[in-house]
Amino acid sequence: GAVVSQHPSWVICKSGTSVKIECRSLDFQATTMFWYRQFPKQSLMLMATSNEGSKATYEQGVEKDKFLINHASLTLSTLTVTSAHPEDSSFYICSARDPGLHYEQYFGPGTRLTVT
Amino acid sequence: GQNIDQPTEMTATEGAIVQINCTYQTSGFNGLFWYQQHAGEAPTFLSYNVLDGLEEKGRFSSFLSRSKGYSYLLLKELQMKDSASYLCAVRRTDSWGKLQFGAGTQVVVTP
């Protein structure tokens, strides 16, 4: 199956700093990628849809100025958490949609963010 | 919007069968997915249904009834490694393939 990678797999940062998370599709070109957030023992909550070459579309309640998304190429999308606070500590997961397969999204391994 | 409901937790014995139900309410339905997620890991794809009926894949089967807004995931011959959260997700036609996830069902397999 297709492979999606995320980097870093975990990060600890201080409150007020910014953190960038990368999501890469390794063996296919993904025109659309998605970013999710998951708090402990809760389900995945879609944050935004990232389309290559255009602005991301954010879900209701997600601050676009705080969670900056850039999808500069067909294999890379980045999520930058700006001015991070402890409440931003969460498990961030990206997924990429393979246009060659009409139904499947492939998930990255996730990034555990801890803000101290 | 859409509501996706599934039980919070289910417990079953190794070797047994467990059925996880998922009900949904949505407009523009374009497929239902089941994912398995172990703690601290990303979800892994299990099954996809877009037409009514049963899809079988090894020990896992998934069923869909679009008229009833209902799906189930059937896990047979349970193994300890099947202890995980199982997520039901619905895709709509008016999105870029966005998935809306249910809260997940935690399956606990006991010896």
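Quick note: structure is the one above.
Notes on the structure in this doc start here. All figures in this text were calculated on a predicted structure; none of them were measured in a lab. (Residues numbered from 1 in each chain as written. Chains lettered and ligands numbered in written order. Predicted model: local features only at pLDDT ≥ 70, side-chain atom pairs only at ≥ 80, totals over all residues. Heavy atoms only, no water.)

1. Considering the interface of chain A and chain B
Taken together, the 24 residues of chain A in the interface contact 18 residues of chain B. For the pair chain A and chain B, the summed buried surface comes to about 1,600 Å²; carbon and sulfur atoms form 57% of the total. At the surface where chain A touches chain B, the tally comes to one salt bridge. Between Glu59 of chain A and Lys98 of chain B there is a salt bridge, with its nearest N and O atoms 2.9 Å apart. Among the elements of the structure, β4 (32-38), β5 (45-51), β9 (90-97) and β10 (105-107) of chain A are those that each provide at least two residues to the side of chain A that touches chain B. Top contributing element to the side of chain A that touches chain B by residue count: β4 of chain A, with four residues. Considering only residue class, the side of chain A that touches chain B consists of nine nonpolar, eleven polar and four charged. (Contact = heavy atoms within 4.5 Å. Buried area = accessible area lost by both parts, 1.4 Å probe. Salt bridge = Lys/Arg side-chain N within 4 Å of Asp/Glu carboxyl O. Helix = DSSP H or I, 4+ residues; strand = E, 2+ residues; numbered from the N terminus. Nonpolar A, V, L, I, M, F, W, Y, C, P; charged D, E, K, R; others polar.)

2. Some details on the pattern of salt bridges
On inspection of all chains with the given rule, the structure shows six salt bridges over all chains. Among the ionic pairs, Lys66 of chain A bridges to Asp88 of chain A, the shortest N-O distance being 2.9 Å. In this pair, Lys66 of chain A is assigned in the loop between β6 (57-58) and β7 (67-73) and Asp88 of chain A in the loop between β8 (76-81) and β9, connecting sequence segments 22 residues apart. The partner of Arg59 of chain B in a salt bridge is Asp82 of chain B, with the nearest N and O atoms 2.7 Å apart. Note that Arg59 of chain B is positioned in the loop between β6 (53-57) and β7 (60-65) and Asp82 of chain B in the loop between β8 (70-75) and β9 (84-92), a separation of 23 residues in sequence. The residues Arg59 of chain B and Asp82 of chain B share a single accessibility class, namely buried. (Buried < 20%, exposed > 50% of the residue type's maximum accessible area, 1.4 Å probe, protein only.)

3. Brief notes about the nonpolar core
Val4, Trp35, Phe67, Leu79, Tyr92 and Leu113 of chain A are the most contacted members of the largest nonpolar core, which has 25 residues in total. Of all elements in the fold, only β2 (10-13), β3 (19-25), β4, β5, β7, β8, β9 and β11 (111-115) of chain A reach the threshold of two or more residues within this core. Sequence-distant contacts of Leu79 of chain A, that is, excluding residues within four places in its chain, are made with Val19, Lys20, Ile21, Trp35, Phe67, Leu68, Ile69 and Tyr92 of chain A. Counting 21 residues, the second-largest nonpolar core is a separate cluster that includes Tyr24, Phe29, Leu64 and Cys88 of chain B. (Core = buried A, V, L, I, M, F, W, Y, C linked by side-chain atoms within 4.5 Å.)

4. Some remarks on the packing of aromatic side chains
Residue and element names in this part refer to chain A. As enumerated under the stated definition, the model contains 15 aromatic pairs over all chains in all. Seen from their ring centres, Tyr36 and Phe107 are 5.6 Å apart, and the 45 degrees between their planes marks the pair as tilted. In this pair, Tyr36 is assigned in strand β4 and Phe107 in strand β10, connecting sequence segments 71 residues apart. Residue Tyr36 shares its accessibility class with Phe107, and that shared class is buried. (Phe/Tyr/Trp six-rings, centres within 6.5 Å; stacked < 30°, edge-to-face > 60°.)

5. Here's the deal with the sheet that holds β6 of chain B
Residue and element names in this part refer to chain B. Strands sit in the order β1-β3-β8-β7-β6 across an open sheet of five strands; the sheet is antiparallel. The open sheet has two edge strands, β1 (3-5) and β6, and neither has a second partner. Here the strands of the sheet are splayed against their neighbours by 15 degrees on average, with no regard to which way each runs. In terms of strand pairing, strand β3 (residues 18-25) meets β8 through six bridges, oriented antiparallel. Of the residues in β8, the one forming a bridge with Asn21 is Tyr72. (Pairing = 2+ DSSP bridges. Axes fitted to C-alpha atoms, helices over the stretch in contact; angles between N-to-C directions.)

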